[in-house]
Amino acid sequence: MGQRENLGRGLIAVKTSTGIFLSWRLFKREAFGSNLTGLVGVDFKIYRDGKKIATVTDSTNYLDKEGNDKSKYAVEVDESSMISGNKAFDKNFFAAGRSPEVSVWGSGENYLDIPVKKPEGGVTPAGETFEYTLNDMSIGDVNGDGEYEYIVKWDPTNSQDVSIKGYTGRCIIDCYSLSGHLFWRLDMGPNIRAGAHYTQFMVYDFDGDSRAEMAVKTAPGTKMICFGEGGEVISENYITIPEKDLLKGYSNEDNYVCSADDYKEHMKNVFLSWKEHPEVKAGNWPDTLEECFGIEKRYDYPLSDEDADELTDYFLDVYAPSRSPKNELRKFEGFIYEGPEYLTMFAGDGRELSTIDYPFVRGDDGLMWGDYSMKRIEPCNRVDRFLAGVAFLDGKRPSLIMCRGYYTRTTLAAYNFDGKDFVEIWKVDSGHVPMSNPFNDNPHAGKGTDPVYGILAGQGNHSLSVADVDGDGKQEIIYGAACIDHDGSVLYSSYDYLPDGTYAKMGHGDSMHVAHIDPDREGFQIFNVFEGAEAAPYGYALRDAATGEVIHGTDKDGNDTGKFGVFATKDLGRCMIGDIAPNVRGLQCWVNDVYDCKGQELPLKAPSTNQAIRWAADLSTQVIDGADYLKGSHSGVINDITHGVMLDPKGTLTNNGTKGNPCLIADLFGDFREEIVLRLEDSSALRIYTNTDITRHKLYTPMDDAMYRVSIAWQNNCYNQTGYTSYYYASDMDFSKVPLDYNG
């Protein structure tokens, strides 16, 4: 599908107890058939210290029992294995030529450290100190040398969930080479709050120049610092504020972070202008704030300054705490609810290429979004939930997807980038969910005001997925319980029946997986959880990705047992899929119990639901941070229920608290298996682990599979989710169904 990266061979050499393990990439264009154990494609010649030592035909790894930690290795395609007589498969079609020599990893173990430059901590306006820790990552070839660079977000130790009050340090994004050279550092500035929901950074070659760019939401004060080969600063530039905003007096010196006093004044101003609010003027909201709060009318409108002060005090000290003791709005600080918001594309070398308005403005501090309507009053919560992605919407080139909101109002915008400018393709906006009282209502169950897109409101997750669900060669955006077609139209928004017969939306959930779960069923399936409890038709369900319909399960005799969906009375949190039972057909699905892909419960103990990784040589699935093994610590253990612990790293940590996410899981180099990237306990380095078990399977790098590759780009969204290939990947896979470029 469309444009690809121009990667090198990705050869690595790792010392093991039995010799030097070698692993390298096979590209999709180099495979032209299949057999029972893998793909059939070009063979490879192995060189040690310039001398050929072997030819490998059945895999892309090799164990050199004669090598040592001083040896240097290279690989090249064996030209005799190329198809002859087919014009498309001449020498230029393959990644011909001998790869650059590589040395054995200096750690003497199966990991490589990327040294990093930890930013200095600081002190908040409240006098609280903070430090920095490594967090989410992405990858891209930013300089066109055929190898990945590593783009990592630094989180301050006081970063917050969007629903939690308090000041945060600044969010910072760095770009490193594999050797640890810092190319650039992006300081997001004071007007981007730090936390999992605020900054999704999409790294991809958007303009097709063989160099990756980075798109990210920015604001006044966002600054890019570029470094030379010796670590010296060679440039330091704020983003360009659009002319229209300069004329309004905005500047890169602005700071919109609110204090508790600022917030009180803000609410007073909201109350002073109550009669002018469009929803009040339209008759949709109560005429008076007293009616909103359920108290006797006592003020004249528009409010006087004194009456507005009195009502503001009542709201902060009486009404809000009466809804929930957690509503400590007198202490509300550290949020940004005003000022411009932008979208910036940076070149791989750190240059700003273009800055435009963020496609969807906040509008307010969340009043229209439902942030004041529930028992928990959470200003700036639902309004500041951001997602992003990359999708081949036309099947040829990668497009950028930028989103805002998923609990109530849902918005998405798609752009192409031509090297200089963002080119808007489409926008999707559900509109706000109508409320009869913005201070006492439940907007989660309703539809938005837009006659077409309103059905999307409240259906999103803490991440998204991208797949060609309808088989037209163009990718769709799976937005939780809804799906946006490649052209921006609504493919579906999933509803079903509650036990009492009420027709209700599936709604929001924390976790979702889109893959070929049932290899004997056409197309992709979705397994996800929903947190609506008794208000949602299902606590979890397996759905058809093309239609959103819940799939019917079957028993061992093939009898229909109803829908593979379970009603729940509470939020079930997360779910997972994978090949954890190699003798069972298809991928297994689990939340608290394990099911096969037909919906039949299996007598297995459910593993962790944190994140999955394809680590083993036998094509099965492993999980990160199994509870039985970690016993509370989050170091990045890889395990499963058949192999046990396969990696028990020391001195490392995962991220995002109980989410237990590595910095990244991706096929970074070597064969088709994934690497795991963790942070050292002191955040002095990123540590990349690879599996050195010999596999006799032969597959091209999944980074050549468009569905998998874009999943690596969107992995850093909010609650990091697992990405999947466009083909069924498991120990019982049929290799003849792996898509190839070759059609001869």
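As shown above, the structure is provided for reference.
A. Just the overall build of the chain, in detail. The number of helices and strands found in the chain is seven helices and 50 strands. Expected size for 744 residues packed as a compact globule is a radius of gyration near 27 Å; at 27 Å, the chain falls within 12% of this value. The dimensions of the chain, computed from C-alpha atoms along their principal axes, are 90 × 70 × 50 Å. When each of the 744 residues of the chain is scored for burial, the buried share is 61%. The contacts in the chain between residues at least 6 apart in sequence include a share of 62% that link residues at least 24 apart. Roughly 27400 Å² of accessible area belongs to the chain as shown, and the carbon and sulfur atoms make up 47% of that amount.

B. Spatial organisation of the nonpolar core. Of all hydrophobic cores here, the largest spans 67 residues; its most connected members are Ile517, Phe527 and Leu699. Once residues lying within four places of it in the same chain are set aside, the contact partners of leucine 699 are Leu26, Leu39, Leu619, Phe672, Tyr729, Met733, Phe735 and Val738. If you look at the next biggest cluster of nonpolar residues, it comprises 43 residues, including Phe392, Cys403, Tyr415 and Cys718.

C. Quick look at the sheet that holds strand 33 (residues 512-515). Overall, antiparallel pairing links the four strands, which are arranged 33-34-35-38 in an open sheet. Since the sheet does not close on itself, it has two edges, and those belong to strand 33 and strand 38 (565-566), each with one partner.

D. Structural detail: helix 5 (residues 305-323). Over its 19 residues, helix 5 extends 26 Å from the first C-alpha to the last, a length consistent with the 27 Å expected when each residue adds 1.5 Å. Within helix 5 the residues assigned to the buried category are Ala308, Leu311, Thr312, Phe315, Leu316, Tyr319, Ala320 and Arg323. Structurally, helix 5 contributes buried residues whose contacts are with helix 2 (260-272) and helix 4 (289-293).

E. Geometry of the sheet that holds strand 2 (residues 19-23). Strand order across the open sheet formed by three strands is 1-2-7, with antiparallel pairing between neighbours. Single-partner strands in this sheet number two, and they are strand 1 (12-16) and strand 7 (61-64). Averaged over all pairs of adjacent strands, the angle between their axes in this sheet comes to 20°, without regard to strand direction. Of the pairings in the sheet, the one linking strand 1 to strand 2 comprises five bridges and is antiparallel in character. Considered in strand 2, the bridge of isoleucine 12 is made with serine 23.

Conventions used here
- Residues numbered from 1 in each chain as written.
- Predicted model: local features only at pLDDT ≥ 70, side-chain atom pairs only at ≥ 80, totals over all residues.
- Heavy atoms only, no water.
- Helix = DSSP H or I, 4+ residues; strand = E, 2+ residues; numbered from the N terminus.
- Rg over C-alpha atoms; globule rule 2.2 N^0.38 Å.
- Buried < 20%, exposed > 50% of the residue type's maximum accessible area, 1.4 Å probe, protein only.
- Contact = heavy atoms within 4.5 Å.
- Areas by Shrake-Rupley, 256 points an atom, 1.4 Å probe, with all protein chains shown as cover.
- Core = buried A, V, L, I, M, F, W, Y, C linked by side-chain atoms within 4.5 Å.
- Pairing = 2+ DSSP bridges.
- Expected span 1.5 Å × (residues − 1).
- Axes fitted to C-alpha atoms, helices over the stretch in contact; angles between N-to-C directions.

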